[in-house]
Amino acid sequence: MHIDHVSDPREVSDLLTVSSYDIIVLDLMMPHISGEELLLKIRQGDKKTPVLVLTAKSRLDDKERCFLAGADDYITKPFEPKELLLRLKALYRRKLGGNVIVNLGGVEVDLERELVSVDGKVINLTRKDWLILKCLVENRGRFVSSEEILNYVWGNAPVGDEVVRAHIKNLRKLLPEGFITTMKGRGYKIEA
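The text that follows walks through the structure, step by step, so that each part is easy to find. (Residues numbered from 1 in each chain as written. Predicted model: local features only at pLDDT ≥ 70, side-chain atom pairs only at ≥ 80, totals over all residues. Heavy atoms only, no water.)

This next bit is on helix 3 (residues 60–69). Looking only at helix 3, the buried set comprises Asp-62, Cys-66 and Ala-69. Buried residues of helix 3, seen end-on, are gathered within an arc of 65° and therefore sit on one face of the element. Facing away from the buried surface of helix 3 by more than 90 degrees, the exposed residues are Leu-60 and Leu-68. Looking one or two residues past helix 3, Gly-70 carries a phi angle of roughly 120°, positive in sign. (Buried < 20%, exposed > 50% of the residue type's maximum accessible area, 1.4 Å probe, protein only. Helix = DSSP H or I, 4+ residues; strand = E, 2+ residues; numbered from the N terminus. Arc of directions from axis to C-beta.)

Pasting the structure below:
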């Protein structure tokens, strides 16, 4: 799991242009711009990524404004960490359309249990290989750039494209031929 923490909301737009996220957790009380304004900006460019608002604002009109702006869930401080985790898991399941097991031909990917099987046989993946495959599965049907993969798996660590290529090469040895498509300048893709 990779988490990007942003304390200046003005950086969010840049992050969203180079990375895709499973869930966005948004506090309403931030410097420079209100959380509601940021939520509206996020929704202008991204209609699908679930947004959970986590805030001390507990009035009904605050909640209403956020839900109307596009929030998927709302939790007020103080909260139990377990409740937050349960809500995040529910949003993630909903994002996947309730499917935590994705079948792609002879490849079955269990996103919740982090298991991959080819023709019924479980294959062992390194942590990084798993995260790259997960990123591709969640974005199946579209090309995912090396930069997106680097941000998803390594965050801000100084890692280059050659590392992504090495992991893709390893994945290709374990998965059926042609499962991962490459297009120069666009990235990698798994068909939906």
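A word on the environment of Ile-75. Looking at the secondary structure, you find Ile-75 in strand 3 (residues 73–76). Residue class for Ile-75 comes out buried when judged on its relative accessible area of 3%. Residues Ile-75 and Lys-57 lie 18 residues apart in sequence; the distance between their C-alpha atoms is 9.1 Å. Beyond its immediate stretch of four places on either side in the chain, Ile-75 contacts Leu-52, Val-53, Leu-54, Thr-55, Glu-83, Leu-84 and Arg-87. (Contact = heavy atoms within 4.5 Å.)

This paragraph deals with the packing of helix 6 (residues 146–154) against helix 7 (residues 161–174). For any two helices packed against each other, one specifies the crossing angle of their axes together with the interaxial distance. Running from N to C, helix 6 and helix 7 cross one another at 85°; their axes reach a closest spacing of 10 Å. The orientation of helix 6 relative to helix 7 falls into the category roughly perpendicular. Along its contact with helix 6, which presents Ser-146, Ile-149, Leu-150 and Trp-154, the element helix 7 presents Asp-161, Val-163, Val-164 and His-167. Class assignment of the residues belonging to the contact of helix 6 with helix 7 gives a composition of five nonpolar, two polar and one charged. (Axes fitted to C-alpha atoms, helices over the stretch in contact; angles between N-to-C directions. Parallel < 35°, antiparallel > 145°, perpendicular 65-115°, else oblique. Nonpolar A, V, L, I, M, F, W, Y, C, P; charged D, E, K, R; others polar.)

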